[in-house]
Every structure is written in C-alpha cells, then in structure tokens.
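Letter by letter, the chains look like this.
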Amino acid sequence: MALDHNNHQGKFGEAFVRTVAAASGLLVSQPDPDYDGVDFSFKYPGARGTKYRPQIDVQVKSWRDAAGAGDAWGYRMKARHFNQLAGAFDIPRFLFLVVVPRDVRAYTLADDRCLKVFRACYWASFSGVQPAWETPGDKELKVEVPKRNLLTAESLLGLMTRPTAELEAS
C-alpha cells in the first residue's frame, strides 16, 4: 500500500534535503526519536582524533501549497515547531522548507542522462527571534522564509560557517 499524500510529501522533502547534503559532501545524522524538532544534523567530515568540526541542526518541512508575495514565502507552522527553532542554541538551527509539486507523480523526472528533482528548498534562521511561548503549541503562526535563501550544495556549506549575526540579518 502506498503512503498517504502527507507522508509521501514528507518523505520526499527529507530525501530532497539529503540529496543536497550528499552533493555538498557533509555527514548527515538523523536523531531517533525526533524529540526536540531536529530532523537532521549536518557536520563536516573530520579526521579521527581531530577537534569537532562545525555542525548545524535542521527541521524539514514540505509544502505543496506554496504562497508568498514578494521576496518571502509565508509559511504557516505549528507554534511548538517554531519554538524548537527560535532563540539561541549551542548548535545553529534552521528551518528547511521544501516546496514540492501538488501531484506526487511530478516529484521527479528521470531519463538515461539525469534525475531531476522538483521543486526547491529554502532555509530560514530564527536564532535572533523570541520563541512564541504565549501561543499554544498546536496553534499555527506564519513565518517568512526568504526566497533568496535557496538551498544548494554551496549555500548549505555556507550555513556551516556563517556567523550567527549574519544569519539573523538574512
């Protein structure tokens, strides 16, 4: 039996992010269980016995009804998920928003030369934002995800080393 549409979309969104991480050459780990809103951790590979290299944690959301005028996507997410990203953390946290086609049959296109994966992923940092503790965890709030923050192998590597102040300005 096939996955229902929401689970299919979520698995595709995670696979999309893993594909970008593989292209960037980063190590990927997935917490089990997902207790604190971290879907993936990314790290630079380092030689054994060396100091720990930079790391980021991400929460992946997928979205088939993308909406947002101007320079940002206006994504609605549960307050409890936002609170897991907002504020200060020892390891920087990001929202990765994967915008997917409405029809699951349009997720990929393959031929003998390539595999195309549709559509795109964008990132947002809420490190300088106050968590929405006063909002009940199951209520939704709207966050802006800048369209200029396209996730690519290069931009993912850049997130690993960017200073927090620079991320807050993004």
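Residues numbered from 1 in each chain as written. Predicted model: local features only at pLDDT ≥ 70, side-chain atom pairs only at ≥ 80, totals over all residues. Heavy atoms only, no water.

A. Summary view of the overall build of the chain. Per the secondary structure count, the chain includes four helices and nine strands. Taking all 170 residues of the chain together, 40% fall into the buried category. Total accessible area on the chain stands at roughly 10,000 Å², and carbon and sulfur atoms take up 51% of it. Charged side chains in the chain number 22 positive and 20 negative. The centres of these two groups are separated by 2 Å. (Helix = DSSP H or I, 4+ residues; strand = E, 2+ residues; numbered from the N terminus. Buried < 20%, exposed > 50% of the residue type's maximum accessible area, 1.4 Å probe, protein only. Areas by Shrake-Rupley, 256 points an atom, 1.4 Å probe, with all protein chains shown as cover. Lys, Arg positive; Asp, Glu negative; His and termini not counted. Charge placed at Lys NZ, Arg CZ, Asp CG, Glu CD.)

B. Main features of the sheet that holds strand β5 (residues 93-99). The strand order across the open sheet formed by five strands is β1-β2-β3-β5-β8, and the pairing between neighbours is mixed. Edge positions in the sheet fall to β1 (27-29) and β8 (120-124), since each of these pairs with one other strand and no more. With strand direction ignored, the average angle separating the axes of adjacent strands in the sheet is 30 degrees. The pairing of strand β2 (residues 40-43) with strand β3 (residues 55-63) spans four bridges and is antiparallel. If you follow F40 over to β3, its bridge partner there is V58. Packed onto the sheet, helix α1 (residues 5-24) meets β1, β2, β3, β5 and β8 and runs at close to 140 degrees relative to β3. Packing of helix α3 (residues 153-161) onto the sheet brings it into contact with β2, β3, β5 and β8, and relative to β3 it is tilted by some 135 degrees. (Pairing = 2+ DSSP bridges. Axes fitted to C-alpha atoms, helices over the stretch in contact; angles between N-to-C directions. Contact = heavy atoms within 4.5 Å.)

C. Quick peek at the packing of aromatic side chains. Scanning the entire structure with this criterion turns up nine aromatic pairs. Ring centres of F12 and F16 lie 6.1 Å apart, and the angle between their planes is 75 degrees; on these two criteria the pair is classed as edge-to-face. Here the residue F12 and the residue F16 both occupy positions in helix α1, the gap between them amounting to four residues, near one helical turn. For F16, a relative accessible area of 9% gives the class buried. With centroids separated by 6.1 Å and ring planes inclined at 35 degrees, the aromatic side chains of F40 and F42 adopt a geometry described as tilted. As far as the burial class goes, F40 and F42 line up, both buried. If you follow R93 out to its NZ or CZ, it ends over the ring of F89, 4.2 Å from the centre. One Lys or Arg, K147, reaches over the ring of W73 and ends 4.5 Å from the middle of that ring. (Phe/Tyr/Trp six-rings, centres within 6.5 Å; stacked < 30°, edge-to-face > 60°. Lys NZ or Arg CZ within 6 Å of the ring centre and 35° of its normal.)

D. Main features of the pattern of salt bridges. On inspection of all chains with the given rule, the structure shows five salt bridges. For R93, the salt bridge is made with D36, and the minimal N-O distance between the two is 3.0 Å. In this pair, R93 is assigned in strand β5 and D36 in the loop between β1 and β2, connecting sequence segments 57 residues apart. For R93, a relative accessible area of 12% corresponds to the buried category. (Salt bridge = Lys/Arg side-chain N within 4 Å of Asp/Glu carboxyl O.)

E. Region of the structure containing the side chain of K61. If you trace the backbone, K61 turns up in strand β3. Lacking a salt bridge, the buried K61 has D39 as its closest oppositely charged neighbour, with an N-O distance of 5.7 Å. A polar atom in the side chain of K61 sits 3.2 Å from the side chain of H81. Apart from the residues lying within four places of it in its own chain, the contact partners of K61 are Y75, H81, L95, F96, L97 and V98. (Polar contact = N/O pair within 3.5 Å; in protein donor to acceptor, adjacent residues only side chain to side chain.)

F. α1, seen in detail. Here α1 is 20 residues long and its end C-alpha atoms lie 29 Å apart, about the 28 Å a rise of 1.5 Å per residue gives. All of the buried residues along α1 are Q9, F12, G13, E14, F16, V17, V20, A21 and S24. Following α1 by one or two positions, G25 has its phi on the positive side, about 80 degrees. (Expected span 1.5 Å × (residues − 1).)

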